[in-house]
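# A structural walkthrough
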Amino acid sequence: MLEIRCNGTAYEIGFTHGKLAKEEIERSIGFYRQLFQESCSLGWAEVLQETSKYVEPLQKMAPRYLLEISGIADGANISFLDILALNVRSEINFGLFSDTSKGIIDVPSDGCTSLGWLTGSKSFLCQNWDWLVEQGPNIIVCHITHTGTNIPNILMVTEAGIIGKIGFNSEGVGCCLNAIRCRGLDRSKMPVHFALRSILESRSREEAVKSVNSFGVAGGAHILVGDATGSTGLECTSRWVKELPMDNKGRVCHTNHLVLEKPGVEEPPWLEDSPLRLARIQELTSDMLKPTADAIFNVFKDIDGFPASINRKQEGNCKAQTLFNIVMDLTTKNALLTFGRPTEYSERVLLAF
């Protein structure tokens, strides 16, 4: 797995990202180009036309992030809209799925199982990230330092070219992501990967939650936010953001469907296994007498319901596979990243501040 270190201004951070991960970014664009064409009959020119609709609202909401994306584009010698398309690929999905006139009843989206757990002495934030195997080689680890600012340093796992994903920062604030497939898109609100980046720049869970609530999220997602004091789930749609608190065991568990009341939101059936995985991770963690990082990692090895299990395998009707697992200890500000399925991984990396 490629590991890169980016520092300086927003543009300089992006330029380094683009230069060092050029090959992975090119492959990632190729992956999504093919995916949109095969799954939705959408050519890349049409993807870029849709992408261009985000430039003006993002210039108002997040100009610094657009500077970073410009840097990535220049560093990789790839067009700005190509890079922006990667960063709003979820929103393009939402738009296709929400526009019923297009007749598209199924759009591809990544699925995952996540867990936040305040155990007493530790605050863990963890997930399996599931997506198509073909995108696995394009996952990178990115270290970010905003030189001369008070923005926390960031350690994140991301698809090359995307500025916000899954990880934690030097203040011990972290985030995970679960895809939610519901209808509705609001381009005046923050794209989900931009929202993740804003969380990774926050100094506390409370600040991160306030930030997401203030700008809203353009489409459906569950974002799990944590720090040393515990975790909060944020169920996001184009209409609202709702908070999912820790249960009486200090946990927030989530998969790929909304669990809170969803007034005004249409969420057609998607992954039949999502409720099963949610029940399963709740069951496995309820039985755990002494939560440790190793014990929690073992939960993510579970193959109950295989291949559409917590530990997912891309075979048969199961369209995605676990591409990495991360177990973050936000109390001590470190994480163990496992690349590949937890039962057949290729690499493990310790991330720490």
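Notes on the structure in this doc start here. (Residues numbered from 1 in each chain as written. Predicted model: local features only at pLDDT ≥ 70, side-chain atom pairs only at ≥ 80, totals over all residues. Heavy atoms only, no water.)

## Thoughts on the packing of aromatic side chains
Just so we agree on the cut-off: Stacked, tilted and edge-to-face are the three classes assigned to paired rings of Phe, Tyr and Trp, where Trp is represented by its six-membered ring and a pair needs centres within 6.5 Å; plane angles under 30 degrees give stacked, over 60 edge-to-face, the rest tilted. Runs of E in the DSSP output that reach at least two residues are strands. Runs of H or I that reach at least four are helices, and both are numbered from the N terminus. Each residue is placed in one exposure class: buried if its accessible area under a 1.4 Å probe, protein chains only, is under 20% of its type's maximum, exposed if it is over 50%, and partly exposed if it falls in between. In this scheme, Lys NZ or Arg CZ marks a charge over a ring once it lies within 6 Å of the ring centre and within 35 degrees of the ring normal.
Applying the stated criterion across every chain, the model contains seven aromatic pairs. Ring centres 6.1 Å apart and planes at 80 degrees place the aromatic pair F31 and W131 in the edge-to-face group. Here the residue F31 occupies a position in helix 2 (residues 22–40), and W131 occupies one in strand 3 (residues 123–131), the gap between them amounting to 100 residues. Considered together, F31 and W131 belong to a single accessibility category, that of buried residues. By way of ring pairs, the aromatic residues F31, Y32 and W131 are connected into one cluster. The aromatic ring of F297 is capped on one face by R348, whose charged end is 4.4 Å from the ring centroid. The ring of Y345 carries the charged tip of R348 above its face, separated from the ring centre by 5.1 Å.

## Things to note about the pattern of salt bridges
Put simply, the test is: We define a salt bridge as a contact between a side-chain nitrogen of Lys or Arg and a carboxyl oxygen of Asp or Glu at a distance within 4 Å.
Tallied over the entire structure, the rule returns 24 salt bridges. Among the salt bridges present, the one from E266 reaches R183, with a minimum N-O distance of 3.3 Å. Here the residue E266 occupies a position in the loop between strand 11 (251–254) and helix 10 (274–286), and R183 occupies one in the loop between strand 7 (174–179) and helix 8 (192–200), the gap between them amounting to 83 residues. Relative accessible area serves as the criterion here: at 45%, E266 is assigned to the partly exposed category. Exposure remark for R183: the relative accessible area of 21% places this residue in the partly exposed category. Salt-bridge contacts for E267 lead to K262; the nearest nitrogen and oxygen are separated by 2.7 Å. On the basis of relative accessible area, E267 is assigned to the buried category, the value being 18%.

## Some remarks on the sheet that holds strand 3
Under the convention used in this document: Each pair of strands is called paired provided DSSP finds at least two bridges between the two strands. Only the stretch in contact is used when a helix axis is fitted, and all axes are lines through C-alpha atoms; the angle between N-to-C directions ranges over 0 to 180 degrees.
On the basis of which strands lie adjacent, the open sheet formed by six strands has the order 11-2-3-12-13-14 and antiparallel pairing. Looking along the sheet, the strands with just one partner apiece sit at the ends: strand 11 and strand 14 (344–352). The average angle at which neighbouring strand axes cross in this sheet is 10 degrees, direction not considered. Strand direction decides the pairing type here: strand 12 (residues 321–329) and strand 13 (residues 334–341), joined by six bridges, are antiparallel. The partner of V327 across the bridge, within strand 13, is L336.

## Focus on the side chain of H146
Definition in use: Throughout this description, a polar contact denotes any pair of N or O atoms lying within 3.5 Å of each other; where both atoms belong to protein, one of them has to be capable of donating a hydrogen while the other can accept it, and for residues adjacent in sequence the pair is counted only when both atoms sit in side chains. The contact criterion used is simple: two residues touch if any of their non-hydrogen atoms lie within 4.5 Å.
Looking at where H146 falls in the secondary structure, it is placed in strand 4 (residues 139–146). There is a polar contact of 3.3 Å between the side chain of H146 and the side chain of E201. Not counting residues up to four positions away in its chain, the partners in contact with H146 are G8, I13, R64, I151, P152, N153, I154, R197 and E201.

## Some remarks on the sheet that holds strand 6 (residues 166–169)
Here we have eight strands laid out as an open sheet, ordered 1-4-5-6-7-8-9-10, and mixed in their pairing. Each edge of the sheet is formed by a strand with only one pairing partner; in this case those strands are strand 1 (2–8) and strand 10 (241–244). When the angles between neighbouring strand axes are averaged without regard to direction, this sheet yields 20 degrees. Sheet analysis places strand 5 (residues 154–159) next to strand 6, joined by four bridges and oriented antiparallel. Paired with L155 across the strands is F168, a residue of strand 6. Contacting strand 4, strand 5, strand 6, strand 7 and strand 8 (221–227), helix 8 runs over the sheet at an angle of about 160 degrees to strand 7. Running at roughly 10 degrees to strand 9 (residues 230–236), helix 9 (residues 205–215) makes contact with strand 8, strand 9 and strand 10 of the sheet.

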